[in-house]
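# Inside the fold
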Amino acid sequence: MKQNSYVKISDEIHPKHESVKLFYSELNEPDKLDFTIIDEIIEINKKIGIIDMGGAWKFYNNNTRKNYVKALHNNDRVELAKLLPSLFQNECSSAIITPSINKLKDFNLSSQMCWDLDALAEFSDLEYNYSLLNTPDIGAPFGVEVEGNKILPDSARHLFFAEKIKTLADEDDSNVLEIGGGYGGLIYFLNKLNFKNTYFNIDIPETLFICYYYLRKNNIKCEFLTVNKPIKKDTVYLIPSIVYKDVIKDIKFNVFFNSASLSEMDSKVCFDYVNMLNKKCPKYILHCNSNYLAFPDSKIHIEVLAKDFPIDTNLYRLVYKNISPFQGASGRYRIFLYELN
């Protein structure tokens, strides 16, 4: 049979969307800790340099977050201090939250978030109070307010996957590797769920610095990993994509996770990461990516489809493939779980 389109979840307006209130935090002025973190970012940035990773991120770096990227490349302490403290309401978070502030006019945010909260309530294995989703004022967040709790646009999805990852990792006290952790929202919720093992996050440097800022401001232990060194438990290690091959051979993890960004990469980069997994053989590969070419004429990037990922089927069996119940990406994302044979 030929697939002519893709099945997707409803994008109708949520019947209760008017019952929630949109909020926009006041923009933050940099404090002493902000400047300390920015100085740390500048030092690591000087060591690792820059690289063009291609794919969709070349477009975003050159267009939707070019001023932030320029400030990084120039090690501009003053400009970074203007941007990072309010990262959710400026270009720093372009393409790493759904929707980014510059795309907000194209979304009915209250409806989208009501659907996502319903998805979390139905498909999670645990019961959560809205208070767990409440966000601090770090990064000048925006989103919806429910029962007095301020919730970021992606928090329901991040908590859903944090639960899935923790369940898999808890089976045998495993470490976790994520590729493309964005601003660190999933790691933030894993910390709230009391995840105590080591978490590795590989990403392009420009995004990794945002993640580092967000985690440091939330008092989550994190370090950059650019050379081989002793690995500690209960620590997040941030691995710049430009150096990941230098350190990946010496780290151990039994759970791998990716959401969206494998499809967004240049195919060569994507396949290189998947082949790395075939060699490392983690017990579980959990990912959520596009499986249908919805935009074959895109001027930004032609997606790499999940069905083309070179996961070694002699090593791995597919446990399940489901539609993602969350509203992002026009409903075309699919959740895959593979287990080592």
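Now for a description of the structure that goes with this document. Along each chain, residues carry numbers from 1 onward, in the same order as the chain's sequence is written. This being a predicted model, a pLDDT of at least 70 is required before a residue's local features are given, and a value of 80 or more before pairs of side-chain atoms are given or counted; all residues contribute to the totals for chains, interfaces and linings. The side-chain values count all of the structure's non-hydrogen atoms but skip hydrogen atoms and water molecules.

Moving on to the overall build of the protein. A run of H or I in DSSP counts as a helix once it spans at least four residues, and a run of E counts as a strand once it spans at least two, with each numbered from the N terminus. For the protein, the count of helices and strands is eleven helices and eleven strands. Its C-alpha atoms give the protein principal-axis dimensions of about 55 × 50 × 40 Å. Note on exposure labels: buried denotes an accessible area under 20% of the residue type's maximum, exposed denotes more than 50%, and partly exposed covers the range between, all computed with a 1.4 Å probe on protein chains only. Counting every position in the protein, which comprises 341 residues, the buried fraction comes to 55%. Working rule for contacts: check all heavy atoms of both residues, and any pair within 4.5 Å makes them a contact. If you take every contact in the protein between residues at least 6 apart in sequence, the share linking residues at least 24 apart comes to 74%. Computed with a 1.4 Å probe, the accessible areas rest on the Shrake-Rupley method; for each residue, only the protein chains presented here act as cover. Carbon and sulfur atoms form 49% of the exposed surface of the protein, whose accessible area is close to 15600 Å². Separation of charge centres in the protein, based on 40 positive and 44 negative side chains, amounts to 4 Å. In this tally, Lys and Arg are treated as positive and Asp and Glu as negative; His is ignored, and so are the chain termini. Charge coordinates come from a single atom per side chain, which is NZ of Lys, CZ of Arg, CG of Asp or CD of Glu.

Further remarks concern the packing of aromatic side chains. By convention, a stacked pair of Phe, Tyr or Trp rings (six-membered ring in the case of Trp) has centres within 6.5 Å and planes under 30 degrees apart, an edge-to-face pair has planes over 60 apart, and any other such pair is tilted. If you walk through the whole model with that rule in mind, you get 18 aromatic pairs. Note on Y212 and F224: the rings are 4.8 Å apart at their centroids and 40° apart in plane angle, and the pair reads as tilted. Taken together, the residues span a long stretch of sequence, with Y212 in helix α8 (residues 205-217) and F224 in strand β6 (residues 222-224) at a distance of twelve residues. Under the relative-accessibility criterion, Y212 is labelled buried at 7%. The buried category is assigned to F224, whose relative accessible area is 12%. Between F336 and Y338, the ring centres sit 6.5 Å apart and the planes meet at 5°, which makes this aromatic pair stacked.

Our next topic: the sheet that holds strand β3 (residues 149-151). Between any two strands, pairing holds if DSSP finds at least two bridges. With antiparallel pairing, three strands are arranged side by side in an open sheet as β1-β2-β3. The strands lining the two open edges of the sheet, one partner per strand, are β1 (21-24) and β3. Ignoring strand direction, the axes of neighbouring strands in this sheet form an average angle of 40°. Across four bridges, the pairing between β1 and strand β2 (residues 142-146) is antiparallel. Note that in β2 the partner of Y24 across the bridge is F142. Those strands touched by helix α5 (residues 109-123) are β1, β2 and β3, and its axis lies near 60° from that of β2. Angular values range over 0 to 180 degrees, each being the angle between N-to-C directions of two axes fitted as lines to C-alpha atoms, with helices fitted over their stretch in contact.

On to the pattern of salt bridges. We count a salt bridge whenever a side-chain nitrogen from Lys or Arg sits within 4 Å of a carboxyl oxygen from Asp or Glu. Under the definition given, this model contains 18 salt bridges. Put simply, K221 and D234 hold a salt bridge, and the shortest N to O gap is 3.4 Å. Within this pair, whereas K221 is found in the loop between α8 and β6, its partner D234 is found in the loop between β6 and β7 (236-240), the two being separated by 13 residues in sequence. For K245, the salt bridge is made with D272, and the minimal N-O distance between the two is 3.5 Å. Of the two residues, K245 is situated in helix α9 (residues 244-247) and D272 in helix α11 (residues 267-280); the sequence distance between them amounts to 27 residues. For D272, a relative accessible area of 28% corresponds to the partly exposed category. Linked through salt bridges whose partners overlap, the residues forming this network are D31, D34 and K217.

Quick look at unusual backbone geometry now. The amide bond that connects T98 to the next residue, P99, takes the cis arrangement and shows omega of 0°. Mapping P99 onto the fold places it in the loop between α4 (77-83) and α5. Positioned with a positive phi, E147 is a non-glycine residue whose angle comes to about 50°. Within the fold, E147 resides in the loop between β2 and β3.

In terms of burial, strand β9 (residues 284-290) is a largely internal element, seven of the seven residues being buried. Bridge count between strand β8 (residues 255-259) and β9: five bridges; the pairing is parallel. Within β9, the position partnered with F256 by the bridge is I285. Two strands pair when backbone bridges link them, and β9 and strand β11 (residues 333-340) are joined in this way by seven bridges, in the antiparallel orientation. Paired with L286 across the bridge in β11 is L337.

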